[in-house]
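# Overview (structure and organization)
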Amino acid sequence: MIFKTLTLNNFRVFNGETNIDLTPRKEGVFERPIILFGGLNGAGKTSILTAIRLALLGKRALGAVITKKDYLAYLNEQTNNTALKSDESAQARVSLSFTHTHQGEHKLYEVTRQWQAEHDETLTLTINGVLDTSLNSEQVQAFLHELVPPGIGDLFFFDGEKIAELAEDDTGSYLKEAVQKLLGIDIINRLDSDLGIYLKGLGAEAADKETIKKINTAEAEKKAISVQVNEAQQNADHIGIKLTELKTKIASKEQSIQARGGAWAKTKDQEEAKVSELIELEKELTAKIRQELSGSLPMALAPTAMQSLIEQLTKDQKIKQAKAFGNELTQALPDLEAKLATQFSTQSNDIMATVNSYFGQLVAQSSMESPELDISDSEFALIQAQVTDAQKSQTLLKELTQALEAVQNKLSTLSINIERAPDAEELKDLYESLRALEKQRDAISKEYISELLKAKELKTKELELAKRLEKFYAKLKNKHSSDKAVERVEQSQNVLHEFKEALTSQRVSQLEELFVKAYRKLARKEDLKLSAKIDPNSFDVNLVDAEGSVINRKSMSAGEKQIFAFAILEALGKLSGKVLPVVVDTPLGRLDSKHRDKLIKHYFPEASEQVILLSTDTEVDESFYQAIEHKVSHAFEIEFNQQTSSSTLREGYFWAELAQEAV
């Protein structure tokens, strides 16, 4: 299937008729599969995706369970407001033409949906330019569902929200639903359920009136509760979508705050208080350093001279001590001589001569020397104390200087951070809106949990009634166990169960291989050795590293999860066996540059024979555009006019004008 043209008439932001050429063009023999749409947020990119999904899927584009009334209300909401202002009965229309080979014949089909307020939708199909009048609207839709089954359509026509939803799905529920639709397991389950109903009917035919009454009462209760369960689940799903949207808005708001210096603003008050503390500490350290500089510290600046001074002063002290000793000795010798003469009359002269000889040399030696620096003992002690203090002061000064330098470095860093932070007033509105969004998120989270608990409680009641009914039907079944019809039905159910298990096991193995191939193509180099294991019951996908350890998906970054989701979508698409165009709306919002590069180079150019990519100028920017330019058939820029509240198309992509003609 290849899309040829898309025509929008009074659809969403497109007022009047807009014709869009979607046919991929070639350059010589080289295929150019990508048709690129660029537009700012709100310009109308999503309208393109919505129109394609609506044209092919109809009511099922909105989900599996939707009433006709809700669908018609939805269609009326898609009518352009400007057109409605000028004409309340204005019609809206989407038409999609495409080529497709059906029953061995290659044909051009065009499907058209048209509606207006207070009227039913009209759905027509033309084949090779001829209106097919043999099919009514329901039959046309059935034909379209054969071409693009609703479950398959979600794998080929999706937006960034779907990627985010799949990326964050840790339960495997989305994958389980997709695989079951792909394999027709939902049909097998329905057939199994129908056979069970048939069995119940066989037993009920021969049951007594009282048993039938109990069964009917239980069935009615179960049916009523089933309706309530579905409503609760739908409400929970609806609230879950709102919750996801709020989380996206919160992430966007946080990013805006971050971009405007919000990270610095958060700690600005704390850092300003810290600056005040550091300034006081700086003053204290500076005062201590000045105190040290005004003390004995200068003596430590000339350690050699001070050492020589101390040595000289010590020598002078010894000379002075020797002179003092000599003087005292000279004064004491006459008394000594007199005592010796009294006690040693005969030997006193010899003893005195010996004493004079010994002490005379000492006195003579000391009398020849004189001190160079004649200072008092107290002055000498003071100088010694000052030199010791100077050494201690030098060590302390080094510590104080290092501490002061550290404080000044911290002050410099904090000053830069404070300068980076915008004034509180600049971020006030952003923070207020963020708080409001977070308040909404918390309220909706409570509502979501409440609805889930309600659904769980109702489901429990439903299961209890189902068990009670099973007991009733088991009794009835036992009465008819010899009935061949019962036997054949049970055999059929057993075969269905075996077929379902075998089919699931086989397809899960194929899906694992396809997923690993897709993931390795899109992942970074360090992730190339990863493999995958899919649980055939829960359908949860586990990434397994080279050592066989399971990687926790919750620990993956947002970008890694999106690559994971893209790989799942590609694997499911290939498993479906369908060859359909791929339409992707704003897929790169949460990806880093490396992951974007992988998608730009290895996913979009190879995803299909036709890839319609809807992007902002920040997603596919100039560098990424250059990387895929050789694969771009042609591009459109969607321009929104504020005055008319409508959008128009021009060929080209923001800064790039593309050739109009196909080669």
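Calculation notes
- Residues numbered from 1 in each chain as written.
- Predicted model: local features only at pLDDT ≥ 70, side-chain atom pairs only at ≥ 80, totals over all residues.
- Heavy atoms only, no water.
- Axes fitted to C-alpha atoms, helices over the stretch in contact; angles between N-to-C directions.
- Helix = DSSP H or I, 4+ residues; strand = E, 2+ residues; numbered from the N terminus.
- Contact = heavy atoms within 4.5 Å.
- Nonpolar A, V, L, I, M, F, W, Y, C, P; charged D, E, K, R; others polar.
- Buried < 20%, exposed > 50% of the residue type's maximum accessible area, 1.4 Å probe, protein only.
- Salt bridge = Lys/Arg side-chain N within 4 Å of Asp/Glu carboxyl O.
- 1 Å grid on protein atoms, 1.4 Å probe; cavity = no way out; pocket = protein on both sides within 12 Å on 5 of 7 lines; lining within 4 Å.
- Points joined across faces, edges and corners; volume = space filled by probe spheres on them.
- Phe/Tyr/Trp six-rings, centres within 6.5 Å; stacked < 30°, edge-to-face > 60°.

## As for the packing of helix H1 (residues 45-57) against helix H4 (residues 137-147)
The interhelical angle for the contact between H1 and H4, taken along N-to-C directions, is 115°, at an axis separation of 8 Å. Residues Ala-55, Leu-56 and Leu-57 of H1 lie in contact with H4, whose contacting residues are Gln-141, Leu-144 and His-145. Looking at the contact of H1 with H4, its residues break down into four nonpolar, two polar and no charged.

## A closer look at unusual backbone geometry
If you check the backbone angles, Asn-128 has positive phi at about 55° while not being a glycine. Position of Asn-128 among the secondary structure elements: in the loop between strand S8 (122-127) and strand S9 (130-131). Overall, Asn-128 belongs to the partly exposed group, its relative accessible area being 47%. Positive phi, normally seen in glycine, also occurs at Ser-645, with a value near 55°.

## Re the side chain of Ser-608
Considering the arrangement of structural elements, one finds Ser-608 in the loop between helix H18 (593-602) and strand S15 (611-615). On the accessibility criterion, Ser-608 (16% relative accessible area) is buried. In this structure Ser-608 touches Pro-33, Leu-580, Pro-581 and Val-582, once residues within four positions along its chain are discounted.

## Some remarks on the pattern of salt bridges
Applying the stated rule across the entire model yields 13 salt bridges. The closest approach of N and O atoms between Arg-93 and Glu-17, which form a salt bridge, is 2.6 Å. Placement of Arg-93 in strand S6 (residues 92-102) and of Glu-17 in strand S2 (residues 14-21) is noted, with a sequence separation of 76 residues between them. You can call Glu-17 partly exposed: its relative accessible area is 48%. Between Lys-288 and Glu-284 there is a salt bridge; the shortest N-O distance is 3.5 Å. Placement of the pair is Lys-288 and Glu-284 together in helix H11 (residues 268-293), with a separation of four residues, close to one helical turn. Three or more residues are tied together by salt bridges with common partners; here these are Asp-21, Arg-25 and Glu-651.

## Digging into the layout of surface pockets
The space that makes up the second largest pocket amounts to roughly 430 Å³. Forming the walls of the second largest pocket are 16 residues, and the residues nearest its centre are Lys-59, Tyr-71, Glu-121, Ser-137 and Glu-138. Elements with a minimum of two residues in the lining of the second largest pocket: helix H2 (68-77) and H4. Top contributing element to the lining of the second largest pocket by residue count: H4, with five residues. When its residues are assigned to classes, the lining of the second largest pocket shows five nonpolar, four polar and seven charged.

## Description of the packing of aromatic side chains
Applying the stated criterion across every chain, the model contains eight aromatic pairs. With a centroid separation of 6.2 Å and an interplanar angle of 80°, the aromatic rings of Phe-11 and Trp-115 are classed as edge-to-face. Pair noted here: Phe-11 is in strand S1 (residues 2-11) and Trp-115 is in strand S7 (residues 105-115), with a separation of 104 residues, a long-range link. Trp-115 matches Phe-11 in its accessibility class, with the two residues each being buried. Taking the centre distance of 6.4 Å and the plane angle of 90° together, the rings of Phe-566 and Phe-604 count as edge-to-face. One end of the pair, Phe-566, is in helix H17 (residues 558-576); the other, Phe-604, is in the loop between H18 and S15, and 38 residues separate them in sequence. Here the two residues Phe-566 and Phe-604 agree in accessibility, since each one is buried. Among the aromatic residues, those joined into a ring-pair cluster are Phe-98, Tyr-109 and Phe-143.

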